[in-house]
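# Structural features, examined
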Amino acid sequence: GSADNTWAAFDQNNENIFYYNGNGPNNGVRKVTLSYNGDELESWTNDKLADVPTNEHGEFGIWSITTTPHIADTLVVGYVFARSGQGFDGGLYFYNTTTGSVIRHVLDGHPIFRFFAVSSQVMFASSAIPYGENGVDTSDPDARGIWRSNDGGVTWNKVTDSDFSDTIVANTYTYDSVNDIL
């Protein structure tokens, strides 16, 4: 989870802002704002934008941080929780980049590994337990798959079947808009 990996994304509207998953005392979704005087970095801030969700067993790990020009002023974060004997959990959160408030929280219970927006309406997310993390059984069909939204992320439908291998993790996407193929 977030203790072992750092994910980051630049703001689509301001090249002097980026977001990342903080660890330790800086835990949470972090927003860094850089201030320049000409070409010289004058100052910077590192503020918590949002807390990391938890369940009864502990904190989720951040496995995806995404900004996209298709969704203005929004940061999309995919969370994964996976521990042997405690199962898996997760979800996809859409945050307002100014206030940090949750705009939408979807795909509850699914460990979201990646997110990709084709447009403001068509989006994809993959659920996976990365690398069979912490001895969690990855054969459960709810632990893996590719999800699609056609309404801006409000509703999601699984587009892979239950035979989708538990050893496959959709890490990057390519989309053919002419043939509507991911």
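Everything here concerns the structure above.
The rules we used
Residues numbered from 1 in each chain as written. Predicted model: local features only at pLDDT ≥ 70, side-chain atom pairs only at ≥ 80, totals over all residues. Heavy atoms only, no water. Helix = DSSP H or I, 4+ residues; strand = E, 2+ residues; numbered from the N terminus. Buried < 20%, exposed > 50% of the residue type's maximum accessible area, 1.4 Å probe, protein only. Contact = heavy atoms within 4.5 Å. Areas by Shrake-Rupley, 256 points an atom, 1.4 Å probe, with all protein chains shown as cover. Patch = residues over 30% accessible without salt bridge, like charges linked within 9 Å, V, L, I, M, F, W, Y side chains within 5 Å. Salt bridge = Lys/Arg side-chain N within 4 Å of Asp/Glu carboxyl O. Pairing = 2+ DSSP bridges. Core = buried A, V, L, I, M, F, W, Y, C linked by side-chain atoms within 4.5 Å. Phe/Tyr/Trp six-rings, centres within 6.5 Å; stacked < 30°, edge-to-face > 60°. Lys NZ or Arg CZ within 6 Å of the ring centre and 35° of its normal.

## Observations regarding the overall build of the protein chain
- Of the regular secondary structure elements, the protein chain holds zero helices and 14 strands.
- Tracing the protein chain from N to C terminus, the helices and strands come up as β-β-β-β-β-β-β-β-β-β-β-β-β-β.
- Every one of the 182 residues in the protein chain was classed for burial, and the buried ones make up 47%.
- Counted over contacts in the protein chain with a minimum sequence separation of 6, partners at least 24 positions apart contribute 42%.
- Total accessible area on the protein chain is roughly 9100 Å²; 45% of this is exposed by carbon and sulfur atoms.

## Considering a nonpolar patch on the surface
- On the surface, a nonpolar cluster with roughly 340 Å² of combined accessible area is contributed by Tyr36, Leu41 and Trp44.
- Note on placement: Tyr36 falls in strand E3 (residues 28–37).
- On the accessibility criterion, Tyr36 (40% relative accessible area) is partly exposed.

## Comments concerning the pairing of strand E12 (residues 123–127)
- Of all five residues that make up E12, five are buried, and the element is covered over most of its length.
- On E12, burial covers both faces: Met123, Ala125 and Ser127 on one face and Phe124 and Ser126 on the other are all buried.
- Taking the residues between adjacent antiparallel strands as the criterion, strand E11 (residues 112–117) and E12 are bridged by five residues.
- Note that E12 and strand E13 (residues 145–149) share five bridges and pair antiparallel. Residue pairing across strands places Ser127 opposite Gly145, the latter belonging to E13.

## What about the nonpolar core?
- Val29, Ile62, Ile65, Leu75, Val77, Tyr79 and Tyr95 are the most contacted members of the largest nonpolar core, which totals 16 residues.
- Of all the secondary structure elements, the ones that give two or more residues to this core are strand E2 (17–22), strand E4 (40–50), strand E7 (61–66), strand E8 (74–83) and strand E9 (87–96).
- Here this core gets four residues from one element, more than from any other, and that element is E8.
- Setting aside residues no more than four positions away along its own chain, Val29 makes contact with Tyr20, Asp47, Lys48, Leu49, Ala50, Ile62, Leu75, Val77, Tyr79 and Tyr95.
- Ranked by size, the runner-up nonpolar core spans 13 residues in total, among them Ile71, Val106, Phe115 and Met123.

## A closer look at the pairing of E2
- Burial analysis of E2 places five of its six residues in the buried class, the great majority of the element.
- Relative to E2, strand E1 (residues 8–10) runs antiparallel, the two sharing three bridges. Note on E2: the bridge partner recorded for Ala9 is Tyr19.
- Hairpin remark: E1 followed by E2, antiparallel, with six residues in the connecting loop.

## Digging into the packing of aromatic side chains
- With the rule as written, the count across this model stands at nine aromatic pairs.
- Put simply, the rings of Phe60, Tyr79, Phe81, Tyr93 and Tyr95 pair up and form one aromatic cluster.
- Geometry around Trp7 places Arg114 over its ring, the cationic atom sitting 4.5 Å from the centre.

## Description of unusual backbone geometry
- Phi is positive for Asp73, which is not a glycine, with a value near 55°.
- Within the fold, Asp73 resides in the loop between E7 and E8.
- By relative accessible area, which is 43% here, Asp73 ends up partly exposed.
- Even without being a glycine, Leu107 presents a positive backbone phi close to 55°.
- Examined against the element boundaries, Leu107 turns out to sit in the loop between strand E10 (102–106) and E11.
- The buried category is assigned to Leu107, whose relative accessible area is 10%.

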